[in-house]
Amino acid sequence: MPVYDYIATDVAHACLYCEKGFETVQRLAEPRMTVCPRCGNPITKCIVAPAIGRSKTKLDDRAKNAGFTKLKKIGTGEYEKMY
Ligand SMILES: [Zn+2]
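In this text, all values refer to a predicted model and were calculated from it rather than measured experimentally.

Conventions and cut-offs
Residues numbered from 1 in each chain as written. Predicted model: local features only at pLDDT ≥ 70, side-chain atom pairs only at ≥ 80, totals over all residues. Heavy atoms only, no water. Helix = DSSP H or I, 4+ residues; strand = E, 2+ residues; numbered from the N terminus. Buried < 20%, exposed > 50% of the residue type's maximum accessible area, 1.4 Å probe, protein only. Areas by Shrake-Rupley, 256 points an atom, 1.4 Å probe, with all protein chains shown as cover. Donors = N, O, S within 2.8 Å, 3.2 Å for Na, K, Ca; no water. Tetrahedral: all angles 85-135°; square planar, octahedral: opposite > 155°, others 65-115°. Core = buried A, V, L, I, M, F, W, Y, C linked by side-chain atoms within 4.5 Å. Contact = heavy atoms within 4.5 Å. Phe/Tyr/Trp six-rings, centres within 6.5 Å; stacked < 30°, edge-to-face > 60°.

Q: Describe in detail the overall build of the protein, supporting the description with residues and values.
A: Within the protein, the secondary structure is distributed over two helices and five strands. Starting at the N terminus and walking to the C terminus, you meet the elements of the protein as β-α-β-β-α-β-β. Per-residue burial over the protein gives 27% buried out of 83 residues. In the form shown here, the protein has an accessible surface area of approximately 5,700 Å², with 57% of it arising from carbon and sulfur atoms.

Quick look at the structure:
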């Protein structure tokens, strides 16, 4: 099943969960999410690809500079290496 990346469109009112973005697994047939499941604020789907639309943090910049390392968000604002 595909993994979708969502992030708050209105960061000022976002909760910690959607403020930095989160990943969720959905079936293709399922409608895309439009609001955060935790705070109900609007969210938008990110493109799941390395270094696109994810240059907001220094961690991401570092990952980009490091080459092929991709960091996966684990939902608490922390990161773990995927490969
Ligand atoms: Zn939220």
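Q: Quick one: what's the story with the coordination of the zinc ion, residue by residue and with numbers?
A: The protein atoms that coordinate the zinc ion are Cys 15 (SG), Cys 18 (SG), Cys 36 (SG) and Cys 39 (SG), at distances spanning 2.2 to 2.3 Å. Around the zinc ion, the four donor atoms are arranged such that angles at the metal cover 106 to 115°; this shape is classified as tetrahedral. Expressed as a motif, the donor residue spacing for the zinc ion is C-x2-C-x17-C-x2-C. One end of the pair, Cys 18, is in helix α1 (residues 16–19); the other, Cys 39, is in the loop between β2 (22–25) and β3 (43–46), with 21 residues separating them in the sequence. Judged by relative accessible area, which is 30%, Cys 39 ranks as partly exposed.

Q: Explain the nonpolar core to me, using residue names and the numbers behind them.
A: Listed in full, the nine residues of the largest apolar core are Tyr 4, Tyr 6, Ala 8, Ala 14, Tyr 17, Cys 18, Phe 22, Cys 36 and Ile 43. Broken down by secondary-structure element, the contributors of at least two residues to this core are β1 (3–8) and α1. Considering every element that reaches this core, the biggest residue donor is β1, with three residues. Residues within four places of Cys 36 in sequence aside, it is in contact with Cys 15, Tyr 17, Cys 18, Asn 41 and Ile 43.

Q: Help me get a handle on the packing of aromatic side chains, residues and values and all.
A: Under the definition given, this model contains two aromatic pairs. Each ring, one from Tyr 17 and one from Phe 22, has its centre 4.4 Å from the other, and the planes form 15°; the classification is stacked. The exposure class of Tyr 17 is buried, given its relative accessible area of 17%. Judged by its relative accessible area of 3%, Phe 22 is buried.

Structural measurements only, silent on function.
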